[in-house]
Amino acid sequence: AQTVTQSQPEMSVQEAETVTLSCTYDTSENNYYLFWYKQPPSRQMILVIRQEAYKQQNATENRFSVNFQKAAKSFSLKISDSQLGDTAMYFCASGGTSYGKLTFGQGTILTVHP
Amino acid sequence: NAGVMQNPRHLVRRRGQEARLRCSPMKGHSHVYWYRQLPEEGLKFMVYLQKENIIDESGMPKERFSAEFPKEGPSILRIQQVVRGDSAAYFCASSPSATGEQYFGPGTRLTVT
């Protein structure tokens, strides 16, 4: 069984600044994947970044990077140089390696202010 | 390559009616997942299907809900005798393999009046 917890219901940041969204998880799987998804007001789910648990190196995608602490079961998302278009709900999710059923956290609403 | 398509985007049903939600996966994808998002909540897994087979339906309510993914045509999520608590956004995702990246559709927002 997998659980994902996001303890920050809402966050805000000024444009061009950096913000970090927190996520903790629990899983009985030996190997697994972790994801951050963005859901803007359009409600479309957009994959932001993906991390394989067996890889020690933190994943990065342009302005988005993660801090993956496997022992602590922590998977935070850092957004650098925040842009107005980053305003959205962000979901942390985990998935096993047998097949891709995802378990989502409750979400964090991020607002980027001009 | 068109993305995952879902229709209708919005569906209004009266209590007791049936709701049929359709999902056309991306070309070449034979793995489909359905998720439900209640207001102010994250997505919850409902069912995972491969062509003509239900692999995992552990997230599906035991009654009134069913899903299929026929050899030809879209995947269908069917809700019989809808109740107000079924009001939610229903998302479909498809993948080229069991562990491949999931691509989400735009969702169907179901409102039960």
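Residues numbered from 1 in each chain as written. Chains lettered and ligands numbered in written order. Predicted model: local features only at pLDDT ≥ 70, side-chain atom pairs only at ≥ 80, totals over all residues. Heavy atoms only, no water.

*Asks:* Quick question: what am I supposed to make of the interface of chain B and chain A here?
*Replies:* Where interface size is given, it is often the accessible area lost as the parts come together that is meant. At the junction of the two partners, chain B supplies 22 residues and chain A supplies 18 residues. Area buried by chain B at its contact with chain A is led by Leu43(B), Thr99(B) and Phe104(B), which between them contribute 29% of it. Scanning the region where chain B abuts chain A turns up one salt bridge. Notably, a salt bridge pairs Lys101(A) with Asp56(B), separated by 3.7 Å at the nearest N-O pair. Connecting chain B to chain A are five residue pairs in polar contact (both at pLDDT 80 or more). Among the elements of the structure, strand E4 (31–37), strand E5 (43–50) and strand E9 (88–95) of chain B are those that each provide at least two residues to the side of chain B that touches chain A. Looking at the side of chain B that touches chain A residue by residue, the class counts come to ten nonpolar, seven polar and five charged. (Contact = heavy atoms within 4.5 Å. Buried area = accessible area lost by both parts, 1.4 Å probe. Salt bridge = Lys/Arg side-chain N within 4 Å of Asp/Glu carboxyl O. Polar contact = N/O pair within 3.5 Å; in protein donor to acceptor, adjacent residues only side chain to side chain. Helix = DSSP H or I, 4+ residues; strand = E, 2+ residues; numbered from the N terminus. Nonpolar A, V, L, I, M, F, W, Y, C, P; charged D, E, K, R; others polar.)

*Asks:* Got a minute to help me understand the side chain of His29(B) in this structure?
*Replies:* Residue and element names in this part refer to chain B. By secondary structure assignment, the location of His29 is in the loop between strand E3 (19–24) and E4. On the basis of relative accessible area, His29 is assigned to the buried category, the value being 11%. One polar contact links the side chain of His29 to the main-chain amide nitrogen of Ser95, over a distance of 3.4 Å. For His29, the contacting residues outside a window of four places in its chain are Phe69, Ser94, Ser95, Pro96 and Tyr103. (Buried < 20%, exposed > 50% of the residue type's maximum accessible area, 1.4 Å probe, protein only.)

*Asks:* How do you make sense of the pairing of strand E4 (residues 24–27) of chain A when you look at a structure like this?
*Replies:* Regular strands show a simple pattern: their side chains alternate between the two faces of the sheet. Residues and elements named next belong to chain A. Alternating residues of E4 divide into Tyr25 and Thr27, all buried, and Thr24 and Asp26, none buried. Here strand E1 (residues 2–5) runs beside E4; their pairing, made up of four bridges, is antiparallel. If you follow Gln2 over to E4, its bridge partner there is Thr27. (Pairing = 2+ DSSP bridges.)

*Asks:* Can you help me understand the pairing of strand E8 (residues 75–79) of chain B in this one?
*Replies:* All names here are of chain B. In terms of residue burial, E8 counts as a mostly covered element, since four of its five residues are buried. Bridging between E3 and E8 involves five bridges; their strand directions are antiparallel. Across the sheet, Leu21 pairs through a bridge with Leu77, a residue of E8. Bridge count between strand E7 (residues 65–68) and E8: four bridges; the pairing is antiparallel. Within E8, the position partnered with Ser66 by the bridge is Arg78. Linking two consecutive strands that pair antiparallel, namely E7 and E8, is a turn of six residues; a positive phi of about 100° is found at Gly73 within it.

*Asks:* What exactly am I supposed to notice about the sheet that holds strand E1 (residues 5–7) of chain B here?
*Replies:* Within a beta sheet, neighbouring strands are joined by backbone hydrogen bonds and run either parallel or antiparallel to one another. Residues and elements named next belong to chain B. Strand order in the open sheet formed by four strands is E1-E3-E8-E7, and the pairing between neighbours is antiparallel. The open sheet has two edge strands with one neighbour each: E1 and E7. Averaged over all pairs of adjacent strands, the angle between strand axes in this sheet comes to 15°, irrespective of strand direction. (Axes fitted to C-alpha atoms, helices over the stretch in contact; angles between N-to-C directions.)

*Asks:* Is there a simple way to think about the nonpolar core in this case?
*Replies:* Side chains of a nonpolar character, in soluble globular proteins, are inclined to be buried together. Formed by 24 residues in total, the largest nonpolar core has its most connected members in Trp36(A), Phe75(A), Leu77(A) and Tyr90(A). For this core, the secondary structure elements donating two or more residues are strand E3 (19–21), strand E5 (32–39), strand E6 (46–52), strand E8 (64–69), strand E9 (74–79), strand E10 (88–96) and strand E12 (108–113) of chain A. Each residue touching Leu77(A), except ones within four places of it in the same chain, is listed here: Val19(A), Thr20(A), Leu21(A), Trp36(A), Val48(A), Ile49(A), Phe64(A), Ser65(A), Val66(A) and Tyr90(A). Counting residues in each nonpolar core, the second largest holds 23 residues, with Met26(B), Met46(B), Phe65(B) and Leu77(B) among its members. (Core = buried A, V, L, I, M, F, W, Y, C linked by side-chain atoms within 4.5 Å.)

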